[in-house]
Amino acid sequence: MAIHGGADPRLRRNTIHDGKSVGVYVHDQGLGTLEDNDITANAYAGVEIKTGGNPTLRRNTIHDGKSVGVYVWDQGLGILEDNDITANARAGVEITTGGNPTLRRNRINRNKYRAVWIHQGGKGVVEDNNLTGNKRGAWDIAADSQGNVTRARNRE
């Protein structure tokens, strides 16, 4: 599934699974509201957001991917609320190169790396999330991203 060029679809109650690439790819000012979807077992990120993509993800289950659960980079944005991001082969959420999402009330657990990995100038607001039970812990925030991240009330 690709969302781009200002498209603003509503995706609700779908199963997006076993793709040979990304499950949902939001780029080039793509918008969209993704709610109550099961995004599972994709070869790369469950959801990738870049180049001004700015979707809203609510109550999705993003799990068992062969890479990161959600990858936000290259000026990608997005609001992620009340999602379960679990059991992915890398980080639950990776933010890099100017990515700047807002993460609220998500459960980011049982991923093979960290819950949230922010590096190479990544930014973001991360508040009220459950970040417990990941193989390497809750956070990996590189020195170049430390001042760009707002963290509050997360369970670690």
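Quick caveat: nothing in here was measured; it's all calculated off a predicted structure.

Calculation notes
Residues numbered from 1 in each chain as written. Predicted model: local features only at pLDDT ≥ 70, side-chain atom pairs only at ≥ 80, totals over all residues. Heavy atoms only, no water. Pairing = 2+ DSSP bridges. Helix = DSSP H or I, 4+ residues; strand = E, 2+ residues; numbered from the N terminus. Contact = heavy atoms within 4.5 Å. Phe/Tyr/Trp six-rings, centres within 6.5 Å; stacked < 30°, edge-to-face > 60°. Buried < 20%, exposed > 50% of the residue type's maximum accessible area, 1.4 Å probe, protein only. Lys NZ or Arg CZ within 6 Å of the ring centre and 35° of its normal.

Section: the pairing of strand E17 (residues 124-127)
Link 1 in the chain: Here strand E14 (residues 102-104) runs beside E17; their pairing, made up of three bridges, is parallel. Opposite Arg104, over in E17, you have Glu127 as the bridge partner.
Link 2 in the chain: With four bridges joining them, E17 and strand E19 (residues 149-152) adopt parallel strand pairing. Within E19, the residue paired with Val125 across the bridge is Thr150.

Quick word on the environment of Arg110
Link 1 in the chain: Along the chain, the position of Arg110 falls in the loop between strand E15 (107-109) and strand E16 (116-118).
Link 2 in the chain: On a C-alpha basis, the gap between Arg110 and Ile62 in space is 12 Å, while along the polypeptide they are 48 residues apart.
Link 3 in the chain: For Arg110, the residues in contact, after removing those within four places along its chain, are Thr86, Ala87, Asn88, Thr132, Gly133 and Asn134.

Notes on the packing of aromatic side chains
Link 1 in the chain: Taken as a whole and judged by the stated rule, the model has two aromatic pairs.
Link 2 in the chain: Relative to Trp73, the ring of Tyr71 has its centre 5.4 Å away and its plane inclined at 10°; by these criteria the two rings are stacked.
Link 3 in the chain: Overall, the relative accessible area of 23% leaves Trp73 in the partly exposed class.
Link 4 in the chain: Geometrically, the ring pair formed by Tyr113 and Trp117 is edge-to-face, given 5.2 Å between the ring centres and 65° between the ring planes.
Link 5 in the chain: A residue is classified by how much of its surface remains accessible, and Tyr113, at 18% relative accessible area, is buried.
Link 6 in the chain: Residue class for Trp117 comes out buried when judged on its relative accessible area of 18%.
Link 7 in the chain: Here Arg114 stacks its cationic end above the ring of Tyr113, 5.5 Å away from the centre of that ring.
Link 8 in the chain: The residue whose ring lies beneath Arg151 is Trp139, and the NZ or CZ to ring-centre distance is 4.5 Å.

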